[in-house]
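# Secondary and tertiary structure notes
As a plain string of letters, each chain reads:
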Amino acid sequence: MTGETDALDRPADPQYRVETCSATREREFSMRLYINIDHVATVRQARQTDEPDPVRAAVLAELGGADGLTVHLREDRRHIQDRDVELLLRTARTPINLELAVTEGVLDLAESWLPYQATLVPEKRQEVTTEGGLNVGEEAAERIGNTLERLHAVGIRTSLFIDPDPESVRRSADLDPTAVELHTGEYANARPGQEALDRLGRLRAAAELARGLGMAVHAGHGLTYENVIPVAAIPDLEELNIGHSVVSRSVFVGMERAVREMKALILRAREG
Ligand code: PXP
């Protein structure tokens with residue numbers, strides 16, 4: 001079949017990456033929803049078996065309207081396995097955002113796998129989930145900067161997961177990633193009322209500053225069907241990463257519907 005691309009080869013094909021980039025750019029002023037499927041793998045790993053399969057969940061998430069898929073390949077491999085990422089890269093119809101710590105082993109894999117996007121996150125073995133944003137202080141800057149350079153050199157879009165404070169945003173801009181992902185955990189954990197409003201204000205200000213400094217702005221962590229709308233309405237944001245709440249709902253209504261419902265909330269927020 002000359003001239004046709006084997007579907008399985010598509011994600012490694014530079015053309016696929018170009019198409020993906022322009023499709024993503026066109027949607028800049030709406031909002032992309034990336035679904036984090038780690039917790040499908042968490043259930044599988046609880047029994048060390050082969051179900052539920054996050055790769056199958058990815059197909060359903062895409063049918064539900066996911067614009068991309070996020071997986072965190074942790075050093076301890078507690079949920080997502082190398083096999084999951086490899087299969088996703090060969091079969092997904094949407095871009096893959098690989099979350100990784102700034103460590104050699106996973107970075108080597110990212111360079112050989114060539115996901116569309118890599119998000120650098122902090123990682124501690126004892127934590128239940130990612131606790132805070134990446135330390136982008138002076139002592140970490142060189143390591144992060146070198147990692148970004150390696151990822152950019154092989155054409156991977158980059159993002160730094162950071163706390164929504166002006167100093168972290170400015171320090172991140174100095175490191176020159178494609179994007180920052182603002183940690184929404186503090187907002188998600190706030191008491192309803194003034195506290196939540198204050199933390200939302202911090203997110204809004206950080207997003208405006210980051211975009212003004214030339215970075216794309218993403219957000220995520222702890223977002224749910226109940227708290228997502230005010231965040232989705234922040235005009236400087238262009239991508240949300242949501243996992244736990246969607247995977248939890250999918251247990252009751254199925255993955256496709258869970259994603260469709262989240263996407264509908266986000267798009268409604270965006271329309272005002
Ligand atoms: N963004 C980052 C960087 C994360 O580490 C996580 C959690 O893995 C998420 C977003 C998604 O968070 P949640 O599962 O709470 O929706």
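Everything in this summary refers to the structure shown in the same document. Quick caveat, the model's predicted, so the values are computed rather than measured.

Each value, and the rule that gives it
- Residues numbered from 1 in each chain as written.
- Predicted model: local features only at pLDDT ≥ 70, side-chain atom pairs only at ≥ 80, totals over all residues.
- Heavy atoms only, no water.
- Salt bridge = Lys/Arg side-chain N within 4 Å of Asp/Glu carboxyl O.
- Buried < 20%, exposed > 50% of the residue type's maximum accessible area, 1.4 Å probe, protein only.
- Axes fitted to C-alpha atoms, helices over the stretch in contact; angles between N-to-C directions.
- Helix = DSSP H or I, 4+ residues; strand = E, 2+ residues; numbered from the N terminus.
- Parallel < 35°, antiparallel > 145°, perpendicular 65-115°, else oblique.
- Left-handed = near helix turned anticlockwise from the far one by under 90°.
- Contact = heavy atoms within 4.5 Å.
- Nonpolar A, V, L, I, M, F, W, Y, C, P; charged D, E, K, R; others polar.

## Some remarks on the pattern of salt bridges
- Across all of its chains, the model carries 19 salt bridges by this definition.
- Among the salt bridges present, the one from E195 reaches R191, with a minimum N-O distance of 3.0 Å.
- Looking at E195, the relative accessible area reads 22%, which means it is partly exposed.
- Owing to a relative accessible area of 58%, R191 belongs among the exposed residues under this scheme.

## Observations concerning the packing of helix 11 (residues 244-253) against helix 12 (residues 255-271)
- Orientation of helix 11 relative to helix 12, taken along the N-to-C sense of each, is 130°, at an axis distance of 7 Å. Here helix 11 is positioned oblique relative to helix 12, judged by the angle of their axes. Relative to helix 12, helix 11 is oriented so that their crossing is right-handed. Facing V246, V247, R249, S250 and V253 of helix 11, the residues of helix 12 in contact are M255, R257, A258, V259, E261 and M262.
- When its residues are assigned to classes, the contact of helix 11 with helix 12 shows seven nonpolar, one polar and three charged.

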